[in-house]
There are 4 protein chains.
Amino acid sequence: MAIVEEFPERLRRRFRVRNPLLVNLLSEFFATTLLLCAGTGIVLQHVLSEGKLNTWTHVHLGWGFLVALCVYGTFKTSGGHMNPAVSLAMCTLGKLSLVHFFYYSIVQTIAAFLGSGLTYWAYADQIQNFTGGIRTITGNKATAGLFCSFPKEHISHSSAFLDQVIGTALLCLFIAAIIDKRNKIPTGLQPLFFGLGLFVVGSSYGMMLGNPINPARDFGPRLFAFVFGGYGWEVFSYHNYYFWIPIVAPLFGGPLGVWLYQLFVGIHIPDDTPSNLGLMDLPTLEVNGIKSSCSELEPLSENGA
Amino acid sequence: MAIVEEFPERLRRRFRVRNPLLVNLLSEFFATTLLLCAGTGIVLQHVLSEGKLNTWTHVHLGWGFLVALCVYGTFKTSGGHMNPAVSLAMCTLGKLSLVHFFYYSIVQTIAAFLGSGLTYWAYADQIQNFTGGIRTITGNKATAGLFCSFPKEHISHSSAFLDQVIGTALLCLFIAAIIDKRNKIPTGLQPLFFGLGLFVVGSSYGMMLGNPINPARDFGPRLFAFVFGGYGWEVFSYHNYYFWIPIVAPLFGGPLGVWLYQLFVGIHIPDDTPSNLGLMDLPTLEVNGIKSSCSELEPLSENGA
Amino acid sequence: MAIVEEFPERLRRRFRVRNPLLVNLLSEFFATTLLLCAGTGIVLQHVLSEGKLNTWTHVHLGWGFLVALCVYGTFKTSGGHMNPAVSLAMCTLGKLSLVHFFYYSIVQTIAAFLGSGLTYWAYADQIQNFTGGIRTITGNKATAGLFCSFPKEHISHSSAFLDQVIGTALLCLFIAAIIDKRNKIPTGLQPLFFGLGLFVVGSSYGMMLGNPINPARDFGPRLFAFVFGGYGWEVFSYHNYYFWIPIVAPLFGGPLGVWLYQLFVGIHIPDDTPSNLGLMDLPTLEVNGIKSSCSELEPLSENGA
Amino acid sequence: MAIVEEFPERLRRRFRVRNPLLVNLLSEFFATTLLLCAGTGIVLQHVLSEGKLNTWTHVHLGWGFLVALCVYGTFKTSGGHMNPAVSLAMCTLGKLSLVHFFYYSIVQTIAAFLGSGLTYWAYADQIQNFTGGIRTITGNKATAGLFCSFPKEHISHSSAFLDQVIGTALLCLFIAAIIDKRNKIPTGLQPLFFGLGLFVVGSSYGMMLGNPINPARDFGPRLFAFVFGGYGWEVFSYHNYYFWIPIVAPLFGGPLGVWLYQLFVGIHIPDDTPSNLGLMDLPTLEVNGIKSSCSELEPLSENGA
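Residues numbered from 1 in each chain as written. Chains lettered and ligands numbered in written order. Predicted model: local features only at pLDDT ≥ 70, side-chain atom pairs only at ≥ 80, totals over all residues. Heavy atoms only, no water.

Scanning chain A for helices and strands turns up 12 helices and 2 strands. Along the chain direction, N to C, the helices and strands of chain A fall in the order α-α-α-α-α-α-α-α-α-α-α-β-β-α. Split into buried and exposed, the 305 residues of chain A put 67% on the buried side. Element-wise, carbon and sulfur atoms account for 64% of the exposed surface of chain A, whose accessible area totals about 10,100 Å². (Helix = DSSP H or I, 4+ residues; strand = E, 2+ residues; numbered from the N terminus. Buried < 20%, exposed > 50% of the residue type's maximum accessible area, 1.4 Å probe, protein only. Areas by Shrake-Rupley, 256 points an atom, 1.4 Å probe, with all protein chains shown as cover.)

All names here are of chain C. Within the chain, methionine 82 stands out as a residue other than glycine whose phi angle is a positive 60°. Inspection of the secondary structure puts methionine 82 in the loop between helix H3 (56–73) and helix H4 (84–92). Judged by its relative accessible area of 2%, methionine 82 falls in the buried class. One non-glycine residue with positive phi stands out, namely lysine 184, at about 55°. Following the sequence through the fold, lysine 184 ends up in the loop between helix H7 (157–179) and helix H8 (190–205).

Before going further, it helps to spend a moment on the UniProt feature "transmembrane region" (unreviewed entry) in chain A. All names here are of chain A. Taken from the UniProt record, the annotation "transmembrane region" (unreviewed entry) applies to residues 21–44, 56–75, 96–123, 160–179, 191–209 and 241–261. Split by type, residues 96–123 is 89% helix and 0% strand. Its first and last C-alpha atoms lie 37 Å apart. Spanning residues 191–209, this segment combines 79% helix with 0% strand, and its end C-alpha atoms are found 25 Å apart. (UniProt positions renumbered as here; feature names shortened; annotations may be inferred.)

Among the structural elements, serine 27 of chain D can be located in helix H2 (residues 20–48). On the basis of relative accessibility, which here comes to 1%, the residue serine 27 of chain D falls in the buried class. Contact partners of serine 27 of chain D, with chain neighbours within four places excluded, come to Phe264 and Val265 of chain A together with Thr74, Thr77 and Ser78 of chain D. (Contact = heavy atoms within 4.5 Å.)

In this section: H8 of chain C. The end-to-end C-alpha distance of H8 of chain C is 22 Å, a good match for the 22 Å that 16 residues give at a rise of 1.5 Å each. For H8 of chain C, the buried fraction is high: 16 of the 16 residues fall into the buried class. (Expected span 1.5 Å × (residues − 1).)

Once that is clear, we can look at the state of the cysteines. Summed over the entire model, instances satisfying the criterion amount to 0 disulfides over all chains. You can see cysteine 37 of chain A has no disulfide; the closest cysteine sulfur is in cysteine 70 of chain A, sitting 9.7 Å from it. (Disulfide = S-S within 2.5 Å.)

Before going further, it helps to examine the packing of aromatic side chains. Residue and element names in this part refer to chain A. Applying the stated rule across the entire model yields 92 aromatic pairs over all chains. Measuring from ring centre to ring centre gives 5.1 Å for tryptophan 233 and phenylalanine 236, while their planes differ by 45°; the resulting arrangement is tilted. Look at tryptophan 233 and you get partly exposed, because its relative accessible area is 48%. Grouping aromatic residues by their ring pairs yields a cluster made of Phe113, Tyr120, Phe147, Phe224, Phe228 and Tyr231. In this arrangement the basic side chain of lysine 141 is found over the ring face of phenylalanine 130, its NZ or CZ atom lying 4.3 Å from the centre. (Phe/Tyr/Trp six-rings, centres within 6.5 Å; stacked < 30°, edge-to-face > 60°. Lys NZ or Arg CZ within 6 Å of the ring centre and 35° of its normal.)

Let's shift gears to the packing of H4 of chain C against helix H5 (residues 98–122) of chain C. All names here are of chain C. It is the contact of H4 with H5, at a shortest axis distance of 9 Å, that shows an interaxial angle of 170°. Regarding the angle of H4 to H5, the classification is roughly antiparallel. Of H5, the residues touching H4 (which contributes Pro84, Ser87, Leu88 and Cys91) are Leu98, Phe101, Tyr104, Ser105 and Gln108. Considered class by class, the residues forming the contact of H4 with H5 number 6 nonpolar, 3 polar and no charged. (Axes fitted to C-alpha atoms, helices over the stretch in contact; angles between N-to-C directions. Parallel < 35°, antiparallel > 145°, perpendicular 65-115°, else oblique. Nonpolar A, V, L, I, M, F, W, Y, C, P; charged D, E, K, R; others polar.)

Applying the stated criterion across every chain, the model contains 24 salt bridges over all chains. Between aspartate 271 of chain B and arginine 12 of chain A there is a salt bridge, with its nearest N and O atoms 3.0 Å apart. Of this pair, aspartate 271 of chain B sits in the loop between helix H11 (245–264) and strand E1 (284–287) while arginine 12 of chain A sits in helix H1 (residues 7–15), placing the two residues on different chains. Judged by relative accessible area, which is 6%, arginine 12 of chain A ranks as buried. (Salt bridge = Lys/Arg side-chain N within 4 Å of Asp/Glu carboxyl O.)

What follows is about the environment of proline 212 of chain D. All names here are of chain D. With respect to the secondary-structure elements, proline 212 resides in the loop between helix H8 (190–205) and helix H9 (215–227). According to the relative accessible area criterion, proline 212 is buried, its value standing at 5%. With 10 residues separating them along the chain, proline 212 and glycine 202 place their C-alpha atoms 8.9 Å apart. Excluding residues that lie within four positions of it along the chain, proline 212 makes contacts with Ser149, Gln164, Arg217, Asp218 and Pro246.

This paragraph deals with the packing of helix H2 (residues 20–48) of chain A against helix H3 (residues 56–73) of chain A. When two helices pack together, their arrangement is given by the angle between their axes and by how far apart the axes lie. All names here are of chain A. Across the interface, H2 lies against H3 with an axial gap of 10 Å and an inter-helix angle of 170°. When the axes of H2 and H3 are compared, the pair comes out roughly antiparallel. For the crossing formed where H2 meets H3, the hand is right-handed. Across from Ala31, Leu34, Leu35, Ala38, Gly39, Thr40, Ile42, Val43 and His46 in H2, the residues of H3 making contact are Trp56, Val59, Gly62, Trp63, Leu66, Val67 and Cys70. Of the residues assigned to the contact of H2 with H3, the class counts are 12 nonpolar, 4 polar and no charged. (Left-handed = near helix turned anticlockwise from the far one by under 90°.)

Attention now goes to the confidence of the model for chain A. Residues and elements named next belong to chain A. Residues of chain A with pLDDT of at least 70 account for 87%, and the chain-wide mean is 86. The low-confidence segment residues 274–305 (pLDDT under 50) makes 90 contacts with residues lying over four places distant or belonging to another chain. Scored as a complex, the prediction yields pTM 0.90 and ipTM 0.88. (pLDDT = per-residue confidence, 0-100.)

The next point concerns helix H11 (residues 245–264) of chain A. Along its 20 residues, H11 of chain A runs 28 Å from first to last C-alpha, staying within 8% of the 28 Å computed at 1.5 Å per residue. Residues Ile245, Pro246, Ala249, Pro250, Gly253, Gly254, Pro255, Gly257, Val258, Trp259, Tyr261 and Gln262 of chain A constitute the buried set of H11 of chain A. Each element contacted by the buried residues of H11 of chain A is listed here: helix H4 (84–92), helix H7 (157–179) and helix H9 (215–227) of chain A together with helix H1 (7–15), H2 and helix H3 (56–73) of chain D.

Another aspect to go through is a nonpolar patch on the surface. On the surface, a cluster of nonpolar side chains totalling about 800 Å² of accessible area is made up of Phe226, Val227, Phe228, Trp233, Tyr241, Trp244, Val248 and Phe252 of chain C. Contributions of two or more residues to the nonpolar patch are made by helix H9 (215–227) and helix H11 (245–264) of chain C. (Patch = residues over 30% accessible without salt bridge, like charges linked within 9 Å, V, L, I, M, F, W, Y side chains within 5 Å.)

Moving on, we get to the environment of leucine 25 of chain C. Residue and element names in this part refer to chain C. Assignment of secondary structure puts leucine 25 in helix H2 (residues 20–48). Under the relative-accessibility criterion, leucine 25 is labelled buried at 14%. As for leucine 25 and isoleucine 137, which are separated by 112 residues in sequence, their C-alpha atoms are 33 Å apart. When near neighbours in sequence (up to four residues on either side) are disregarded, leucine 25 contacts Tyr103, Tyr104 and Val107.

Looking at where isoleucine 134 of chain D falls in the secondary structure, it is placed in the loop between helix H6 (124–131) and helix H7 (157–179). Spatially, the C-alpha atoms of isoleucine 134 of chain D and alanine 68 of chain D are 35 Å apart, while their sequence positions differ by 66 residues.

Here it is in structure tokens:
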């Protein structure tokens, strides 16, 4: 059944992009489009069914697994940030240059625009049927919420800003802990845990604004709603020009979360002492008379698992 | 407690089928029958309890885990496609010949027919009790939906077709990313992630048609509903002969998804550079004076984990 | 922080039971008590809150994770069957002698009796408060269902029997696939997948009887309800002496499931050919001039992962 | 894209704390603050939405994943107890000295105080909007429950005490089984299973009191509710000074659970016999003419996976 040469390998030899930045930008573009295409669909099924099909719990579980899958798909290229706040946090860890952060952000925002547009197009009939043709941000038949966040009127800008800082800090703090090489979390599980992290953040700081915590995810679809959605300028002017908060606040929250983790835990982790909880004594592995302690060998299986 | 020789090993020596195609077809038959037997049960508990026991979320979670388990059972033989759209996508990757694709599709459809029939038979009393003996496709006591998809009347054929293309593309795109050997996702986790992928697709593109995205899964049970279910010719003629859409559209969506992934990410993944996110520096492992870089060794633990 | 010698190791040297059968029976006793103690609690929170706290979905998710955890705790001793139907299925695979199956079954039933009793005792006040002191099997304030299964009156004995055969067959079929060494599913994940299997069975064949599929789990608590629960002889006589069905039917279903898997898939799995889906080419690992193919080495990391 | 030296490594060289106790206390402080900050948020979304957004199931799933993530972040330092009952249980296993247990407990309680306070501050507007400014423990608009447990009046102190003993025993019993090195559960999965364990406990023994099973988690926020929350002395005097029960009872339950596991299973696990269920025969691995049984090598991949 084995084919002499698989088709992707042939294409790879001819069309493979070798510039690492370009490869990463392609991946960010792909992952963020995917995230918003399916993610907008998840919210849409919540909105159009008035919470009967996709419940609030379902929405957050769906987004969690979706983020995990998008990261799995791009884990060996850009890492699947899909979020300028995450990219900026990676900058402050020295894993990304500031110039690349700007490129990433722009590509992520364009991809979010397109991804949400794709779902809007696919569901055009259903949205028409639900709203009777009138696009509104508030009210019984409001549908703008399937693109981006529109908080209730009683939520002050300062509450919203704080909410976004804490939410993004929590997410990036979880990410920082998960990717810390000294924590030795199997790389094959890390994307899944990012997704669980997003689920937890949405479950604890998602009520006020619906958990955007991502400038590209909020602004890109908002732009689409303005340009093609038929919701008009109100998508920006709503609630005293609230729209800038989920763009700016996460950029503070991301780095904050990463560094809280580093200062309290990360930089103090012993180099190779097993924890008190659950780690077995490391035996030594003797091969051919040369004793090598297992802690030296660990990264091998770590990496592979 | 150890037995000298386990019974399955004895049978294996005597009855083992050695023709790989036949082994794979047996596996596809088994997995697809299982998928439809349990899967129809999941939908049935939703329908007969009018959404009270198995909620919409429960149905999608159940199908996700079910797919994962069916794939685990056949992962070392056919791979557990259970879906002609997935098989066709594998064809375009060069992992399956076109002739085998046809064999797979036929076996999958027969198995879907039988699997849904098994559950129909087991639940005959309950269905009778629920419907009062009248089999209908629409209305309060409609039960045809436990076999296959019957969209609402306001959903146009073009919307339905697009929905099925996108849904199947999403699923196969996730599959392509998960099985890409350069992504180094542990094989022991891959079937679970296929299941989460299905959950995400149903959560974002499941509202219109109920997420068939599988020609065998939709047509096989539809045939059963026609032949033995007592729903009559209407299972085909319903909604202006809608039935062909979940057969044809997924066959476009599957390859589309796989190749979108390959063109944007897959063929550009560097051969052994760790990603920016989360991978530790690979140490070298010295055994007996011969240095071998860990990246050479990786597949060993990869494969095992 | 390391202690010279951990306390359990000291006890181990003095009190360790070395008879394997006794060790296994202790484990089965422990795991089944635990399963019924927590499991009855899960059902109880469903019953006493009238489905508001623990929904139907929650009950099945809770049981799934509970089974997984009970198996993790006894995975290296008896394997955590907690179910005579599973033990009998293991018999037919040659992993357990028929005599031991009888010992296992008796211990499992006693443990189920005690486990459900423990929760009944802990929740005595709440049950009293809910029922106003009257213990009934049917009606608005029925509580017997928290011990064991009591099907609706319109479910015939033959439907119930078939339901239990299929349900147990599905469960044991999943177990057989998961533990098949040729499927190379990491042992560290197997108990989790047993739990997901139970979730799927309850989601597809749980509506009629509530998914007992376990003679000990149904009969032990039923006995407790008779002796100490105050429900009287009706726990046996209910619905024309239905009580024997979830005892006998699973003993047919368990072996059936295991052997369906073996005959369709298990005995035909090639010895070391990678599947079509997702397995990378196995590289050879050269150590000190001796080439050893990875497939020889696989079980090492397999086992560990 | 690789940076010559990552920023955290520079800080590490300059500010790394090398006293293991201090490192552990920093980690406990960090993890417990995080747990209560997000955990209070999860409960708060349940309370303020009157169960519509975060359902009961969602609350327990969210706490389960949250605990898992907090432990992942501190797994290689203190182990992420976040709970004096767990720390005491570790004492009785000889993994922690009694003096350190006291330090841990104090830090955990302070962190719980601060963590819940952070969320109270962030959600101040919303709480004000929900309650209309009146802070109450009971009634329609009661909000004290988002800090700590306040049982219904009909629950006697003895029922509450028993509930907390059993709940904590179950949790610590699961933990003891998961971390038992002889069970060989991959360390990279252990924190996830702690989280599933918490989910199961809340699903079976969470109805009466809401599943505190943690002295720090209950008392710290209670103190905050008294000092800054505006609920007055009633947070202590409520229900005949119930507040001491979730402080004292878990300290009995934790060690009880750990030792029940050890006496029934842990100390009897054979040293290297594979279980009856699912383990393959261990092959020997020959390298350079020296045969080393795989059981010797196991911990390597075990540890890494």
